[in-house]
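Reading the structure
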Amino acid sequence: MQPYDDSNIFARILRGEIPVHQKVYEDDHVLAFHDILPKAPLHVLVIPKGKYATIYDFYKQASAEELLHFSRAVTRIIDQLDIQKKGYRIVTNCGRMGGQEVPHFHLHILSGRPLGSMVEPLETAPSF
Ligand code: 5GP
């Protein structure tokens, strides 16, 4: 598991050191807000308030209650955004190969345009 870095930008948002950019949803354990550099007309980030660096850490360490609560909060956010009928994509990046920039577990909820294929085909993708 990855050691949690308290200085990451989402940790700072959770501590109130940086203002949250267009909050969408908040409860005791979950915060959702618009991405500052949206990749689609709708681009919302959903984070647990607990200190988990990646989805792996969240799945591995969170309690059953926390896991269920987070999942149900995602459904509430989807309802609130009114995208259930239109469709959407949920993505989480994990680690270097996954392209994760902020080391606090987050889901990206993307919608508002046809999102195309999920990743570039192998033949056009940059190699590491
Ligand atoms: P990752 O690449 O880690 O999966 O995604 C991090 C996301 O956080 C990026 O889409 C980036 O635009 C977004 N982001 C980075 N800093 C901030 C910020 O201060 N506020 C908001 N709302 N989004 C941020």
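Structure report, in brief. (Residues numbered from 1 in each chain as written. Predicted model: local features only at pLDDT ≥ 70, side-chain atom pairs only at ≥ 80, totals over all residues. Heavy atoms only, no water.)

**Re the nonpolar core**
Within soluble globular proteins, side chains that are nonpolar generally end up buried alongside one another. With 21 residues, the main nonpolar core has Val 44, Val 46, Phe 70 and Ile 77 as its most contacted residues. Among the secondary structure elements, those contributing two or more residues to this core are strand 1 (23–26), strand 2 (30–34), strand 3 (42–48), helix 2 (55–61), helix 3 (64–81) and strand 5 (107–111). With six residues, helix 3 is the single largest residue contributor to this core. Sequence-distant contacts of Phe 70, defined by excluding residues within four places in its chain, comprise Val 30, Val 46, Ile 47, Pro 48, Phe 58, Phe 105 and Leu 107. Judged by nonpolar contacts, the second largest core, of seven residues, contains Phe 10, Ile 13, Leu 31 and Ile 47. (Core = buried A, V, L, I, M, F, W, Y, C linked by side-chain atoms within 4.5 Å. Buried < 20%, exposed > 50% of the residue type's maximum accessible area, 1.4 Å probe, protein only. Helix = DSSP H or I, 4+ residues; strand = E, 2+ residues; numbered from the N terminus. Contact = heavy atoms within 4.5 Å.)

**Quick notes on the layout of surface pockets**
Considering only enclosed or pocket space, the largest pocket measures out at about 1,000 Å³ in volume. Taken together, 37 residues make up the lining of the largest pocket; nearest its centre are Lys 39, His 43, Asn 93, Glu 101 and His 108. For the lining of the largest pocket, the class distribution of residues is 21 nonpolar, 10 polar and six charged. (1 Å grid on protein atoms, 1.4 Å probe; cavity = no way out; pocket = protein on both sides within 12 Å on 5 of 7 lines; lining within 4 Å. Points joined across faces, edges and corners; volume = space filled by probe spheres on them. Nonpolar A, V, L, I, M, F, W, Y, C, P; charged D, E, K, R; others polar.)

**Side note on the sheet that holds strand 3**
Pairing is antiparallel across the open sheet formed by five strands, whose spatial order is 1-2-3-5-4. Strands with a single pairing partner mark the edges of an open sheet, and in this sheet they are strand 1 and strand 4 (89–91). Sheet twist, expressed as the mean angle between neighbouring strand axes with direction ignored, is 20°. Across five bridges, the pairing between strand 3 and strand 5 is antiparallel. Bridge pairing in strand 5 places His 43 opposite Leu 110. (Pairing = 2+ DSSP bridges. Axes fitted to C-alpha atoms, helices over the stretch in contact; angles between N-to-C directions.)

**Overview of the site of the ligand**
Around the ligand sit 17 residues, and of these Asp 35, Asn 93, Glu 101, Val 102 and His 108 come closest. Asn 93 has a polar side-chain atom sitting 2.8 Å from an oxygen atom of the ligand. Gly 99 is positioned with one of its backbone polar atoms (N or O) 3.2 Å from an oxygen atom of the ligand. When isolated, the ligand has an accessible area of 520 Å², and the protein chains bury 89% of it. (Near = heavy atom within 4 Å. Polar contact = N/O pair within 3.5 Å; in protein donor to acceptor, adjacent residues only side chain to side chain. Areas by Shrake-Rupley, 256 points an atom, 1.4 Å probe, with all protein chains shown as cover.)

**Regarding the pattern of salt bridges**
A side chain of one charge can pair with a side chain of the opposite charge when the charged atoms of the two come close. Tallying each qualifying case throughout the model produces six salt bridges. Among the salt bridges present, the one from Arg 12 reaches Glu 17, with a minimum N-O distance of 3.2 Å. Residue classification places Arg 12 among the partly exposed positions, given a relative accessible area of 33%. In this structure, the salt-bridge partner of Arg 15 is Glu 17, at a minimum N-O distance of 2.7 Å. By sharing partners, the salt bridges in this structure join Asp 6, Arg 12, Arg 15, Glu 17 and Lys 51 into a single network. (Salt bridge = Lys/Arg side-chain N within 4 Å of Asp/Glu carboxyl O.)

**Some remarks on the side chain of His 106**
Assignment of secondary structure puts His 106 in the loop between helix 4 (95–98) and strand 5. A relative accessible area of 5% means that His 106 is categorised as buried. Within the local environment of His 106, its side chain forms a polar contact with the side chain of His 108, the two groups lying 3.5 Å apart. Contact partners of His 106, with chain neighbours within four places excluded, come to Phe 10, Leu 45, Val 46, Ile 47, Val 91, Thr 92 and Gln 100.

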